[in-house]
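In case you want the letters, here they are:
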Amino acid sequence: NGIVDVQLSHRMVTRKRGESWTSTIPFVGGYLVVWTAAGLLPFAAVVAFAKLPSGPAGPWIAPLAGAVLMLAGLYQFTPLKTICLRACRTPIGFILSHDFRTGVPGAFRAGFVHGAFCLGCCWALMTILLVVGVMNLVWMIALTAVFFLEKNWRGGVVVSRIVGIGLLITGLAVALRPDILPALSGTAGSMPAAGPMNM
């Protein structure tokens, strides 16, 4: 709901300035440019892993998966995460403090910057899908719930910290016990379906 909230906030501000509703279009466009570009990296990773020969997972898979999980956990405690989360939690505050200038260029730039803040808030947690499966519905629902609580609940920062601790512990466990990885992705006892690191 982040893009919807900030879009409505942007429209409210521009309407008070007497601007046309069409200024919101380049604002959304700037936001989508960031997320479209960001989506190319995981897509490339999925394509690359799909080309690997099928068979037993290499010895490097579990340590790499564990490292990804621990990196995502550590990022939850960084100042950058806090700054980005603050920008995403108060869309009206962002609009008022990032009102670069009127017109299409200003609207596009504002949308681009807000998209970058939201990406900075979410990218690390989204890398978890490269470990558990990019189409893993259970994990997608869980991450959506985390994003919602982080951005909308008063205790969102606490949620970030708890999730960070959980990921650090889980990542260490995966690195030390590779047999945990299939269970984590829901592929225990069967061949993995969508997780590039579960091959």
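Conventions we followed
- Numbers given to residues run from 1 along each chain, matching the order in which its sequence is written.
- A pLDDT threshold of at least 70 governs which residues receive local features in this predicted model, and a stricter bar of 80 or more applies before side-chain atom pairs are shown or counted, although totals over entire chains, interfaces and linings include all residues.
- Note: side-chain values were computed over all heavy atoms of the structure, leaving out hydrogens and water.
- By definition here, a salt bridge exists when the distance from a side-chain nitrogen of Lys or Arg to a carboxyl oxygen of Asp or Glu is within 4 Å.
- Numbering of helices and strands starts at the N terminus; helices are DSSP runs of H or I of at least 4 residues and strands are runs of E of at least 2.
- The cut-offs for exposure are 20% and 50% of the maximum accessible area for each residue type, with area from a 1.4 Å probe on protein chains only; residues under the lower value are buried, those over the upper are exposed, and the others partly exposed.
- Axes here mean lines fitted to C-alpha atoms, for a helix over just the part in contact, with angles spanning 0 to 180 degrees between N-to-C directions.
- Residues are treated as being in contact if the distance between any of their heavy atoms lies within 4.5 Å.
- Just so you know the grouping, Ala, Val, Leu, Ile, Met, Phe, Trp, Tyr, Cys and Pro go in nonpolar, Asp, Glu, Lys and Arg go in charged, and all remaining residues, Gly too, go in polar.
- What pLDDT reports is the predictor's confidence in each residue, on a scale of 0 through 100.
- Working definition: roughly parallel below 35 degrees, roughly antiparallel above 145 degrees, roughly perpendicular at 65 to 115 degrees, and oblique for all remaining angles.
- For a helix, the expected span equals 1.5 Å multiplied by the residue count minus one.
- It is the directions from the helix axis to the C-beta atoms whose arc is reported.
- Bend is computed residue by residue as the angle between axes fitted to the seven residues ending at the residue and the seven residues starting at it.
- Like-charged residues are merged into a patch within 9 Å and nonpolar side chains (Val, Leu, Ile, Met, Phe, Trp, Tyr) within 5 Å, provided each residue has over 30% relative accessible area and no salt bridge.
- Residue exposure ignores everything except the shown protein chains as possible cover, and the areas themselves are Shrake-Rupley values with a 1.4 Å probe.

Q: Before we go on, may I ask you to explain the pattern of salt bridges in this structure?
A: Should the charged atoms of two oppositely charged side chains come close, the side chains can pair. What the rule picks out here adds up to 2 salt bridges. Between Lys81 and Glu150 there is a salt bridge, and its shortest N-O distance comes to 3.1 Å. In this pair, Lys81 sits in helix α4 (residues 79–89) while Glu150 sits in helix α8 (residues 137–152), placing the two residues 69 residues apart along the sequence. Among the residues examined, Lys81 registers a relative accessible area of 1% and is labelled buried. Among the residues examined, Glu150 registers a relative accessible area of 0% and is labelled buried. Across the pair Asp179 and Arg177 runs a salt bridge whose closest N-O atoms are separated by 3.0 Å. Assessed through its relative accessible area of 48%, Arg177 is described here as partly exposed.

Q: In this structure, what is going on with the packing of helix α3 (residues 61–75) against helix α6 (residues 103–126)? I would like to understand it.
A: The geometry of a pair of packed helices is captured by two quantities: the angle between their axes and the separation between those axes. The interhelical angle for the contact between α3 and α6, taken along N-to-C directions, is 145°, at an axis separation of 8 Å. Contact residues: α3 offers Leu71, Ala72 and Tyr75, while α6 offers Gly120, Trp123 and Ala124. Considered class by class, the residues forming the contact of α3 with α6 number 5 nonpolar, 1 polar and no charged.

Q: I tried to follow the confidence of the model for the chain on my own but got confused; where do I start?
A: One rule of thumb: low pLDDT means the predicted coordinates there are not for detailed reading. Across the chain, pLDDT averages 80, with 73% of residues at or above 70. Below a pLDDT of 50 lies the segment residues 189–194, which in the model reaches 7 contacts outside its immediate sequence neighbourhood of four places, other chains included.

Q: Mind showing me how you'd approach the packing of α8 against helix α9 (residues 156–176) here?
A: At their nearest, the axes of α8 and α9 sit 6 Å apart, and the two run at 140° to each other. Looking at the two axes, α8 sits oblique to α9. Residue-level inspection shows Val146, Leu149 and Glu150 of α8 in contact with α9, the latter providing Gly156, Val159, Ser160 and Val163. Along the lines of polarity and charge, the residues of the contact of α8 with α9 split into 4 nonpolar, 2 polar and 1 charged.

Q: I would appreciate a short explanation of α9 in the present structure.
A: An α-helix turns once per 3.6 residues; consequently, residues spaced three or four apart project the same way. With 21 residues, α9 extends 30 Å from end C-alpha to end C-alpha; this agrees with the ideal 30 Å at 1.5 Å per step. Taken together, the buried positions of α9 are Gly156, Val159, Ser160, Gly164, Leu167, Gly171 and Val174. What you see down the axis of α9 is that its buried residues fit within an arc of 135°, all on one side. Seen from the open side of α9, the exposed residues pointing more than 90 degrees away from its buried face are Ile162, Ile169 and Leu176. Of the surrounding elements, those touching the buried residues of α9 are α3, α4, α6, α7 (128–132), α8 and α10 (180–185).

Q: Would you take a moment to explain α6 for this structure?
A: Taking 1.5 Å of rise per residue, 24 residues should cover 34 Å, and α6 covers 33 Å from first to last C-alpha, within 8% of that figure. Roughly 35° is the biggest bend found in α6, and it falls at Gly120.

Q: What is the right way to read the environment of Leu71 from this model?
A: Looking at the element boundaries, Leu71 is found in helix α3. Owing to a relative accessible area of 48%, Leu71 belongs among the partly exposed residues under this scheme. Separated by 100 residues in the primary sequence, Leu71 and Gly171 place their C-alpha atoms 8.5 Å from one another.

Q: How should I be thinking about a nonpolar patch on the surface in this particular structure?
A: A cluster of nonpolar side chains, contributed by Val33, Phe108 and Phe112, occupies part of the molecular surface with about 240 Å² of accessible area. Residue position: Phe112 is located in helix α6.

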